[in-house]
Amino acid sequence: MARILRGRGGYCFHLNGAFAALLTALGYDVTLHRAGVQDEVEDPEGPGGDHLALTVGLDGERWLVDTGLAGGMHEPLPLREGTYTQGPFTYAMAPSVVVPGGWRFAHDPRGAFTAMVFAPEPVELSSFAAEHERLSTSPESGFVRVLQAQLRDAKGVDMLRGCVLRRIDAEGTYERTIDSADDWYDVLADVFHLNLTDVAAPARAALWHRVHTAHQEWEAAGQRATTL
């Protein structure tokens, strides 16, 4: 919660962890679930715990309430099988075919991932400690390898991956590459509300250098692949 209140973002463990605490304090019936982001076909082993999902009971029905789904839904979804349109995106909810009592959220084809599956049993936030450690520190983690920021609004989603800023909405997909540190930090502040002016200048310079170098290496790898 302190992280969010000081103007920082995070991934599902931060965002849904803080949101669950807020909802609980407001008197809502909140349940934390072990979840996992998956491909088109469900993993027979079920959710791997790389995602924390939230459900809330209200007026006799349960809802998926998730603020950490990488540009996913903008409003809660009922745990009822069907398709749901929010802005330019259409989602699907269905019972899991692998996890008894579990549910599967299918993202829009233009989304950043394919699907998310969660188990019905309630869990404690502490049960995600090992996976949080892996995702935030392992050199193999996508969160460590590539800087990402995503922000969903009612009309679409903004995504920053390295130096590439992308906007997806009803008009289509707009993409541009950011070439300077000043522009990059302006985008973080203006688009994603992440104002990093409290970070020391050397650290800001080092972060930009890391992001820009990774982008150049990615571009070079793509050109080599095209040539081959």
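Residues numbered from 1 in each chain as written. Predicted model: local features only at pLDDT ≥ 70, side-chain atom pairs only at ≥ 80, totals over all residues. Heavy atoms only, no water.

Structural notes on the sheet that holds strand 6 (residues 89-95)
Working definition: the strands of a sheet are paired by backbone hydrogen bonds and lie parallel or antiparallel to each other.
Okay, so step 1: With antiparallel pairing, the 8 strands of this open sheet are ordered in space as 4-3-2-1-8-7-6-5. The open sheet has two edge strands with one neighbour each: strand 4 (77-78) and strand 5 (82-86).
Okay, so step 2: Taken strand by strand, helix 2 (residues 12-25) contacts strand 1 (29-38) and strand 2 (51-58), and its axis lies near 20° from that of strand 2. (Pairing = 2+ DSSP bridges. Helix = DSSP H or I, 4+ residues; strand = E, 2+ residues; numbered from the N terminus. Contact = heavy atoms within 4.5 Å. Axes fitted to C-alpha atoms, helices over the stretch in contact; angles between N-to-C directions.)

Digging into empty space enclosed by the protein
Okay, so step 1: Scanning all chains against the criterion turns up 1 cavity of 30 Å³ or more.
Okay, so step 2: Taken as a whole, the largest cavity spans an internal volume of roughly 40 Å³.
Okay, so step 3: Along the walls of the largest cavity sit A70, G71, F89, H107, R110, G111, A112, Q150, V157, M159 and I168, which together make up its complete lining.
Okay, so step 4: For the lining of the largest cavity, a count of residues per class yields 6 nonpolar, 4 polar and 1 charged. (1 Å grid on protein atoms, 1.4 Å probe; cavity = no way out; pocket = protein on both sides within 12 Å on 5 of 7 lines; lining within 4 Å. Points joined across faces, edges and corners; volume = space filled by probe spheres on them. Nonpolar A, V, L, I, M, F, W, Y, C, P; charged D, E, K, R; others polar.)

Quick look at the environment of S138
Okay, so step 1: Relative to the assigned elements, S138 resides in the loop between helix 3 (129-137) and helix 4 (142-145).
Okay, so step 2: Counting along the chain gives 26 residues from S138 to A112, while the straight-line C-alpha distance between them is 21 Å.
Okay, so step 3: Residue contacts for S138: discarding those within four places in its chain leaves E133 and V144.

Describing the nonpolar core
Okay, so step 1: Counting 19 residues, the largest nonpolar core has L64, L77, M93, F105, M116 and F118 as its most contacted members.
Okay, so step 2: Looking at this core, the elements that each hand over two or more residues are strand 6, strand 7 (103-106), strand 8 (115-122) and strand 10 (156-161).
Okay, so step 3: Ranked by residue count, the leading element in this core is strand 6, at 3 residues.
Okay, so step 4: Excluding residues within four positions of it along the chain, L64 makes contact with A53, L54, T55, M73, P76, L77, L79, M93, F105, M116 and F118.
Okay, so step 5: The next biggest cluster of nonpolar side chains, apart from the first, holds 14 residues, and it includes C163, W184, Y185 and W208. (Core = buried A, V, L, I, M, F, W, Y, C linked by side-chain atoms within 4.5 Å. Buried < 20%, exposed > 50% of the residue type's maximum accessible area, 1.4 Å probe, protein only.)

A word on helix 5 (residues 181-190)
Okay, so step 1: For helix 5, every residue scored as buried is listed here: W184, Y185, V187 and L188. Summarising the axial view, the buried residues of helix 5 lie within an arc of 150°, below the 170-degree limit, and thus occupy one face. Residues of helix 5 that are exposed and point more than 90 degrees away from the buried face comprise D182 and D190. (Arc of directions from axis to C-beta.)

Some remarks on helix 2
An α-helix turns once every 3.6 residues. As a result, residues three or four positions apart point the same way.
Okay, so step 1: Taking 1.5 Å per residue, 14 residues should reach 20 Å; helix 2 reaches 19 Å between its end C-alpha atoms and fits that length.
Okay, so step 2: The secondary structure elements touched by the buried residues of helix 2 are helix 1 (2-5), strand 1, strand 2 and helix 3.
Okay, so step 3: Just past helix 2, the residue G27 takes up positive phi, approximately 100°. (Expected span 1.5 Å × (residues − 1).)

What about the sheet that holds strand 10?
Okay, so step 1: With antiparallel pairing, 4 strands are arranged side by side in an open sheet as 9-10-11-12. The strands lining the two open edges of the sheet, one partner per strand, are strand 9 (148-153) and strand 12 (172-177). The sheet shows a mean angle of 10° between the axes of neighbouring strands, taken without regard to direction.
Okay, so step 2: Bridge count for strand 9 against strand 10 is 6 bridges, and the pairing is antiparallel. Residue pairing in the sheet places R152 in a bridge with V157 of strand 10.

So, the side chain of Q38
Okay, so step 1: Along the chain, Q38 turns up in strand 1.
Okay, so step 2: Engagement of the side chain of Q38 in a polar contact is seen with the backbone oxygen of G46, the distance being 3.2 Å.
Okay, so step 3: Those residues in contact with Q38, other than ones at most four positions away along the chain, are D43, G46, P47, T114, A115 and V117. (Polar contact = N/O pair within 3.5 Å; in protein donor to acceptor, adjacent residues only side chain to side chain.)

Topic: a nonpolar patch on the surface
Okay, so step 1: Together, L22, L26, Y28 and L58 give the surface a local cluster of nonpolar side chains, amounting to about 390 Å² of exposed area.
Okay, so step 2: Mapping L58 onto the fold places it in strand 2.
Okay, so step 3: Taking relative accessible area as the criterion, L58 reaches 43% and is therefore assigned partly exposed. (Patch = residues over 30% accessible without salt bridge, like charges linked within 9 Å, V, L, I, M, F, W, Y side chains within 5 Å. Areas by Shrake-Rupley, 256 points an atom, 1.4 Å probe, with all protein chains shown as cover. Salt bridge = Lys/Arg side-chain N within 4 Å of Asp/Glu carboxyl O.)

Some details on the pattern of salt bridges
Okay, so step 1: In total, this model carries 8 salt bridges according to the counting rule given.
Okay, so step 2: For the salt bridge of E61 with R80, the shortest nitrogen-to-oxygen distance reads 2.4 Å. Note that E61 is positioned in strand 3 (residues 61-64) and R80 in the loop between strand 4 and strand 5, a separation of 19 residues in sequence.
Okay, so step 3: Judged by relative accessible area, which is 22%, E61 ranks as partly exposed.
Okay, so step 4: Close ionic contact of R167 with D158 constitutes a salt bridge, the shortest N to O distance being 3.0 Å. Here R167 and D158 have matching classes, each one buried.
Okay, so step 5: A cluster of three or more residues bridged by salt bridges with shared partners is formed by D153, D158, R167 and D169.

Nothing here speaks to function; it is all geometry.
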